[in-house]
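Here are the chains, one letter per residue:
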Amino acid sequence: MRMIENKVEKNWAGQRIVSPDYLLFEAPREKHFMTGSEAVKEAVKRASVDASVSYPITPQSEAAHLIGELWAEGYVGVYFRGENEFGVMSEVAGAAMAGARVITTTSGPGTLRAFENFPMWSGTRIPVQLVLMARGVNSPLSIQPDNLEVDFLLDTGCMIWYAENVQELFDMILAGFAVAEQPDVHVPVITAVDGFFVSHTREAIYLPPDDIALPPYAPYKSPMPVIDAEIPPGRFLRDPFVMKSNYISYATHASWQWEVRSAIERSRPYAKHYLKGLTEEFGEKDSEVVFIACGTAASQAKEAVRMLEETEGIKSKVVKLKTIRPFPYEEILEATKNAKYIFIPEFNVVGWLEREVRKALYKKSDAEIIGTPRVAGGMTMPKEIIVREVLEYIK
Amino acid sequence: MAYKIYKVNEEFKDIVPEEVVELEEKATWGNPKRGVMDLPVTKELLEEHSLCAGCPESAAIRYILASLPNPEDTIIVNSTGCTSLVFPHISLHTVHSLFGNQNSVASGIKRVLEWRFPDKAKDVVVLAGDGATVDIGLDYTLQSFFRQEKITTICFDNEVYANTGGQESGLTPKGHVFKMAPKGKLFDKVPMWQLAIDSGCHYVARLTVSSPKKVERVIKEAIYVARELGPTYIHLYTPCILEIGLNSDDGLDEMRSRDKERFAFFEYKTPHAEEVIAKYKAEGLL
Ligand SMILES: Cc1ncc(C[n+]2csc(CCOP(=O)(O)OP(=O)(O)O)c2C)c(N)n1
Ligand code: SF4
Ligand SMILES: [Mg+2]
């Protein structure tokens, strides 16, 4: 807790300002029962958010309008409904450039409509937070859970985190600001959850009191000049490299893209601290059967671990990934030392997580990597299916 | 006043580029009466430009920068196009992010600056080509007008996609042959100034940049009205001399000839805008 002249420091909403560590780890928590969308509201309420712009699309509309209620209640500084997701993502970009802590939400087709903005966000080094409630991308239209869109986002230069449940979503949103705003990181963070499975499911959640909040964003710690005419402009150049066809221009553009990726790498220690590790394990440590998964697929894999033990006597474990960018290479390598079979259950048709794991373990593991089960389009992933797939492979 | 940010540390004066030192010493800051007449005697806010020699866009940008009433607290948002080659040379806070999203970015900036600095006038000005404003960005331009964003939008209409090599735009006159319209453009020039009026702008002007003094007055009125009321729109004819086959000293004549026809001076003010303008006139600022 920061004190000024022996007085408790408050934000504009009258909430006591506390450190991210206090808010996440130390503050007393009370049990509630709510959906993922409501958990977004509770997180934003404690995050001293300056600005949010919204646009409706199932399944994130509720989260987006609940942020609006926080604005009406005086917790959020600026809020409005934008014209479409391309506009929204540009509006939040402008808001962040002008020195605001910003959050927005979208899903599926909204993500694709907005797409050109994501590499622009990271190249502009703005720590915008996007809560992504993954939804199918297909024609004919689908509104169901499916995380294909996360694949599209992997190389935008944004950090990508994946929350498994309502509790994790709440904590990740707060941690997201704490990590993304580190001056040596300062890139956007996309906090993903599976649509409906998390956005619309009511679960037990432990919340700190709502009269405390994160310290407000400190814009002048940004590695890029804030666009507010209060500090010298940063782009006053004699010979700008913009669109020039010369070696210096090429080299500048190349190194800047590397730098954005390096910034994501530099987020590792902060993310490890605030997320208590980039991965989390469930089950028998030395198991030969290992599931690597994120989100709801990790929840279902945990059920399968229990069932395999109870019905077949097979020991297994889940390595749940909390961050996809940065990708937890070392953690996965360590966690699969004894693995003979690595199963990657996913909610999409392309198997992007399988691809990522194969790349991470190439020539480093003798385990067989099996990209299954894979469901999509809104299908669920019952534990029985996972168990059946495992038995087919290992027997 | 934020123009103090242009003060150079005495210790570094000998190594800082001279144009930066000149910005502190010879530019006009903190003087809302500044204008195009200062151009020959003061330091300009545009250092150089990399447009074609004689491109009227460069004249327009110089007049606009000289006319800003509050440059020390003005943010300019740009889009992709020939103008984006000029932007890195401007010594104010400027943004280029994508092609067509300029009014969205400007909306976010303006709203947050009002939230962060409620007692300070921070002017946000959008400056983009006809393709950016009226074709790819039309949605975002008009939606910012509907939402009554307090920003001034300036369109550099050269009636063509110049930066990509001369393709037809929505502002190309009907019948004109450009790339991608090999049989001539099939539909009328989009009357953007009228759309701006219908969409809620409080001040709208259409003109060429043949008269610097007129540009100055229009810019100042539009910025003051945006500051107090809501969206304002300025439509400037800045011919692409390259794509219409003119020499570098032909731009002014081209604009003068259009002054009498499709770019004849046109101005629209709501009664509220008239009041704002009268107030600033009374203060001697217009
Ligand atoms: C999404 C996207 N589409 C297309 C382009 C290519 N592009 C760059 S500049 C430009 C033309 C700009 O025309 P205008 O806005 O009229 O400005 P001018 O160059 O004529 O000043 C185009 C089509 C782009 N950069 N981004
Ligand atoms: S191409 Fe046309 S608009 Fe672009 S700089 Fe040259 S003359 Fe100006
Ligand atoms: Mg043009």
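Residues numbered from 1 in each chain as written. Chains lettered and ligands numbered in written order. Predicted model: local features only at pLDDT ≥ 70, side-chain atom pairs only at ≥ 80, totals over all residues. Heavy atoms only, no water.

Participant: It is not clear to me how the overall build of chain B should be interpreted in this structure. Could you clarify?
Facilitator: The helix and strand inventory of chain B stands at 9 helices and 7 strands. Whereas a compact globule of 286 residues would reach a radius of gyration of roughly 19 Å, chain B reaches 18 Å, a difference of no more than 12%. Each of the three principal axes of chain B carries a C-alpha extent, and together these read 60 × 45 × 35 Å. Split into buried and exposed, the 286 residues of chain B put 60% on the buried side. Carbon together with sulfur atoms contributes 54% to the accessible area of chain B, which is approximately 11,100 Å² in total. Computed over 33 positive and 41 negative side-chain charges, the inter-centroid distance for chain B is 4 Å. (Helix = DSSP H or I, 4+ residues; strand = E, 2+ residues; numbered from the N terminus. Rg over C-alpha atoms; globule rule 2.2 N^0.38 Å. Buried < 20%, exposed > 50% of the residue type's maximum accessible area, 1.4 Å probe, protein only. Areas by Shrake-Rupley, 256 points an atom, 1.4 Å probe, with all protein chains shown as cover. Lys, Arg positive; Asp, Glu negative; His and termini not counted. Charge placed at Lys NZ, Arg CZ, Asp CG, Glu CD.)

Participant: Looking at this structure, I do not really get the site of ligand 1. What am I missing?
Facilitator: Residues in close proximity to ligand 1 total 17 residues, the closest being Cys82(B), Asp130(B), Gly131(B), Ala132(B) and Asn158(B). Neighbouring residues of ligand 1 are distributed over chains A and B. Between ligand 1 and Ala132(B) there is a distance of 2.9 Å, counted from an oxygen atom to a backbone nitrogen or oxygen. Val160(B) is positioned with one of its backbone polar atoms (N or O) 3.0 Å from an oxygen atom of ligand 1. Coverage of ligand 1 by the protein amounts to 77% of the 580 Å² it exposes when considered alone. Examining the composition of the shell around ligand 1, we find that 4 residues originate from one element, helix H4 (residues 130–136) of chain B, more than from any other. (Near = heavy atom within 4 Å. Polar contact = N/O pair within 3.5 Å; in protein donor to acceptor, adjacent residues only side chain to side chain.)

Participant: Is there a simple way to explain the coordination of the magnesium ion (ligand 3) in this structure?
Facilitator: Expected angles at a metal are 109.5 degrees for tetrahedral coordination by four donors and either 90 or 180 degrees for octahedral coordination by six donors. Residues and elements named next belong to chain B. Each protein donor to the magnesium ion (ligand 3) is listed here as Asp130 (OD), Asn158 (OD1) and Val160 (O); together their distances run 2.0 to 2.1 Å. Motif for the magnesium ion (ligand 3), donor spacing along one chain: D-x27-N-x1-V. You can see Asp130 sitting in helix H4 and its partner Val160 sitting in the loop between strand E4 (152–157) and helix H6 (192–198), a full 30 residues away along the chain. (Donors = N, O, S within 2.8 Å, 3.2 Å for Na, K, Ca; no water.)

Participant: Please explain the site of ligand 2 as it appears in this structure.
Facilitator: Leu51(B), Cys52(B), Cys55(B), Cys82(B), Asn158(B), Ala162(B), Cys240(B), Ile241(B) and Leu242(B) make up every residue found near ligand 2. Here the residues of the shell around ligand 2 sort into 8 nonpolar, 1 polar and no charged. (Nonpolar A, V, L, I, M, F, W, Y, C, P; charged D, E, K, R; others polar.)

Participant: What am I meant to see in the interface of chain A and chain B here?
Facilitator: Interface size, as often reported, equals the accessible area lost upon joining of the parts. Contact residues are listed per partner, giving 40 residues for chain A and 49 residues for chain B. Here chain A meets chain B over a buried area of about 3,600 Å², counting both sides, of which 65% is carbon and sulfur. At the junction of chain A and chain B, the tally comes to 5 salt bridges. Between Glu230(A) and Lys122(B) there is a salt bridge, with its nearest N and O atoms 2.4 Å apart. Run the count over chain A and chain B and you get 17 residue pairs in polar contact (both at pLDDT 80 or more). At the level of secondary structure, the elements contributing two or more residues to the side of chain A that touches chain B comprise strand E6 (78–81), helix H4 (85–97) and helix H6 (117–124) of chain A. Looking at the side of chain A that touches chain B, the element that brings in the most residues is H4(A), giving 7 residues. Here the side of chain A that touches chain B is built from residues that sort into 24 nonpolar, 7 polar and 9 charged. (Contact = heavy atoms within 4.5 Å. Buried area = accessible area lost by both parts, 1.4 Å probe. Salt bridge = Lys/Arg side-chain N within 4 Å of Asp/Glu carboxyl O.)

Participant: So what exactly am I meant to see when it comes to the nonpolar core here?
Facilitator: Across soluble globular proteins, nonpolar side chains show a tendency to be buried alongside one another. Core analysis: the largest hydrophobic core is formed by 67 residues, its most contacted members being Trp121(A), Ile292(A), Leu321(A), Ile324(A), Val77(B) and Ile109(B). With 8 residues, H4(A) is the single largest residue contributor to this core. Both domain 1 (8–220) and domain 2 (280–394) of chain A contribute no fewer than three residues apiece to this core. The next biggest cluster of nonpolar side chains, apart from the first, holds 50 residues, and it includes Ala47(A), Met133(A), Trp161(A) and Val198(A). (Core = buried A, V, L, I, M, F, W, Y, C linked by side-chain atoms within 4.5 Å. Domains from an automatic or database assignment.)

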